[in-house]
Amino acid sequence: MFDGLLHEIEKAPVICVFRHLIPDADALGSQWGLVSWLRMTYPSKKVYALGKHVGVKPEMFPSPDAVRDETIKESLAIVLDTANAKRVDDQRYSSARMIIQIDHHPLHEIYSQKQYIFDHRAATCEIIAEFLESVVVKPLPKPIAEYLYMGLLTDTLKFSTNNTSAHTLQIAAYLAQSDLNFSRLNEEMFSVSSKEYRFSNYLRTHAVIEPCGLAYSFVTIEMMQEYGVSANDAKERITDFGGVRDFEVWALFIEHNEEGHRFFNGSLRSKNVAVNDIAHRYRGGGHRNAAAVKGCSREEALLIIEECCLRIKEAKHNDTV
Ligand SMILES: [Mn+2]
C-alpha cells in the first residue's frame, strides 16, 4: 500500500509537509501528526510544516514554519489531503525536488511524482495513522495520536459518515492505545461559542425547506457581522442541517467579498445521492456526499439547489433514497 514511501522519507534530508488552503482538522491533524513523527524519528532531518495559520480551530495545532525558497527546492514535498494543485497552501511546493501526494479525496489531479490515494479511507489522518502503524507497531506518542484522532473525528463527523468503516474504527482503536481522552477531545473539537450558538439558531429558523427534501440557507456578510462570526465559523454550521429525517440534501452558501466583488461559496451535503458531480460544474468538487462550490452568484446557487432537487426526485423515483 505504501510501497516506496518510507524509502523516499529515509533518503530525504529535508522534508516539507503541505496541506490544503483554509485547513480543517484532517488537513492540520495529518500534517502535524506526520511532521511530529518525522521530527521525533529522524532528529537529524530538517522537517517543516507549511501553510498559513488559519482555518478551523488552528489554535489546536502548532504554528507553521517560515521556510525559505531554497529550502523547499532541495526538499521532498509531501502534500496531504489536497485533491488539486491550486488548493495546495503555499504554491512553492511545486519547486520541490520531489513531490508526493497522500490523500483520501477521489483522484482529481496528479501534481506529484508519487501518489498514495485511497479514496475509500474516511480521512487523510486514517491513511497517515495506517502508514505509521505499519512502520511503528507500538502505540504512538500521545500528541501524535491526538492530532490524527482529531482529523478522524472531524472528517467522519464523530464516526457517523457513510465512509466510516471497520478500518476507520481499527485505526481509532490503534490511536486510542496512546491514552486518549475522548471526552476532552470531543469537547475541544465540537463545542461552539455562544455567538455561534445564536447564529445556529438563526440559521435553523430561517432555512428554506424545499418539499423534495432539501434545506438551504444563504449567509450574507452583513449577517455574519451582526452575529460576530467569521466566514470559516459560519461554514462549519452546515452540520446544523444534518440529522433531519426529511432532509436528503442540505446546503449552506456563505457570502465573500474580494475587492468589491461579492459572491457565494457553498457547502453541499447529502445522505445518499451524489452531489460532487453537480459541484464540479460550479467550480467545485469533493466527495460524493460532501462537496463544495465556489464563486457563485445567488442565481447560480439557486440553480444548484434546483439540480439537487432534481437529483433527489430521480432517486426517489428509482427508489434509491
Ligand atoms: Mn480530509
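Residues numbered from 1 in each chain as written. Predicted model: local features only at pLDDT ≥ 70, side-chain atom pairs only at ≥ 80, totals over all residues. Heavy atoms only, no water.

Right, let's get into the overall build of the chain. A count of helices and strands for the chain gives twelve helices and eleven strands. Rg of the C-alpha trace for the chain: 20 Å, near the compact-globule value of 20 Å for 321 residues, within the 12% margin. For the C-alpha atoms alone, the extent of the chain along its principal axes is close to 60 × 45 × 40 Å. Buried residues in the chain amount to 50% of all 321 residues. By sequence separation, contacts in the chain at least 24 residues apart represent 61% of the contacts at least 6 residues apart. Accessible surface, the chain as shown: approximately 14900 Å² in total, 51% of it carbon and sulfur. (Helix = DSSP H or I, 4+ residues; strand = E, 2+ residues; numbered from the N terminus. Rg over C-alpha atoms; globule rule 2.2 N^0.38 Å. Buried < 20%, exposed > 50% of the residue type's maximum accessible area, 1.4 Å probe, protein only. Contact = heavy atoms within 4.5 Å. Areas by Shrake-Rupley, 256 points an atom, 1.4 Å probe, with all protein chains shown as cover.)

Sheet architecture is open: five strands sit in the order β2-β1-β3-β4-β5, paired in parallel fashion. Strands with a single pairing partner mark the edges of an open sheet, and in this sheet they are β2 (46-49) and β5 (114-117). Put simply, the sheet's adjacent strands are angled 15 degrees from each other on average, direction ignored. Where strand β1 (residues 14-19) meets strand β3 (residues 76-80), five bridges bridge the pair, whose relative direction is parallel. Paired with Cys16 across the two strands is Ala77, which belongs to β3. Taken strand by strand, helix α4 (residues 124-136) contacts β3 and β4 (98-103), and its axis lies near 110 degrees from that of β4. (Pairing = 2+ DSSP bridges. Axes fitted to C-alpha atoms, helices over the stretch in contact; angles between N-to-C directions.)

What follows deals with the packing of aromatic side chains. Evaluated as defined, the whole model comprises 15 aromatic pairs. Ring centres of Tyr149 and Phe159 lie 6.0 Å apart, and the angle between their planes is 55 degrees; this geometry places the pair in the tilted category. Here Tyr149 is found in helix α5 (residues 142-155), whereas its partner Phe159 is found in the loop between α5 and α6 (166-176), with ten residues between them in sequence. Given a relative accessible area of 6%, Tyr149 falls into the buried group. An angle of 45 degrees between the planes, with centres 5.4 Å apart, marks the rings of Tyr149 and Phe182 as tilted. Here Tyr149 is found in helix α5, whereas its partner Phe182 is found in helix α7 (residues 182-190), with 33 residues between them in sequence. Chaining the aromatic ring pairs together yields one cluster made of Phe2, Trp37, Tyr42, Tyr116, Phe118 and Phe131. (Phe/Tyr/Trp six-rings, centres within 6.5 Å; stacked < 30°, edge-to-face > 60°.)

Another point: the pattern of salt bridges. Any two side chains of opposite charge can pair, given that their charged atoms come close. As enumerated under the stated definition, the model contains 17 salt bridges in all. Residues Lys11 and Glu8 are paired through a salt bridge, measuring 3.6 Å at the closest nitrogen-oxygen approach. Of the two residues, Lys11 and Glu8 are both situated in helix α1 (residues 5-11); the distance of three residues between them amounts to about one turn of the helix. By relative accessible area, which is 48% here, Lys11 ends up partly exposed. Exposure remark for Glu8: the relative accessible area of 7% places this residue in the buried category. (Salt bridge = Lys/Arg side-chain N within 4 Å of Asp/Glu carboxyl O.)

On to the coordination of the manganese ion. Bound to the manganese ion on the protein side are Asp26 (OD), Asp81 (OD), His104 (NE2) and Asp155 (OD), at distances that span 2.2 to 2.4 Å. Within one chain, the residues donating to the manganese ion are spaced in sequence as D-x54-D-x22-H-x50-D. Of this pair, Asp26 sits in helix α2 (residues 25-41) while Asp155 is found in helix α5, placing the two residues 129 residues apart along the sequence. Each of the two residues, Asp26 as well as Asp155, counts as buried. (Donors = N, O, S within 2.8 Å, 3.2 Å for Na, K, Ca; no water.)

If you trace the six strands from one edge of the open sheet to the other, you get β6-β7-β8-β9-β11-β10, paired in mixed fashion. One side of each edge strand has no neighbouring strand; the edge strands of this open sheet are β6 (208-210) and β10 (285-287). The sheet shows a mean angle of 20 degrees between the axes of neighbouring strands, direction not considered. Strand contacts of helix α8 (residues 194-206): β6, β7 (214-219) and β8 (249-258), with the helix running at about 125 degrees to β7, the strand carrying the most contacts. Sheet strands touched by helix α12 (residues 298-317): β6, β7, β8, β9 (261-270) and β11 (290-296). Its angle to β7, the strand with the most contacts, is close to 170 degrees.

In this section: α12. Look at α12: 29 Å from first C-alpha to last across 20 residues, which is about the 28 Å you get at 1.5 Å a residue. Inspection of α12 places Ala301, Ile304, Ile305, Cys308, Cys309, Ile312 and Ala315 among the buried residues, and these make up the whole buried set. Relative to the axis of α12, the buried residues are bounded by an arc of 140 degrees and lie together on one face. Opposite the buried face of α12, at more than 90 degrees from it, the exposed residues are Glu299, Glu306, Leu310, Lys313 and His317. (Expected span 1.5 Å × (residues − 1). Arc of directions from axis to C-beta.)

Now for the domain arrangement of the chain. With domains assigned, the chain is organised as domain 1 (5-189) and domain 2 (196-317). Measuring from the centre of the C-alpha atoms in domain 1 to the corresponding centre in domain 2 gives 27 Å. On the side of domain 2, nine residues touch domain 1, which itself brings ten residues to the contact. Buried surface at the junction of domain 1 and domain 2, both sides included, amounts to about 720 Å², of which 56% is carbon and sulfur. At the surface where domain 1 touches domain 2, the tally comes to zero salt bridges. (Domains from an automatic or database assignment. Buried area = accessible area lost by both parts, 1.4 Å probe.)

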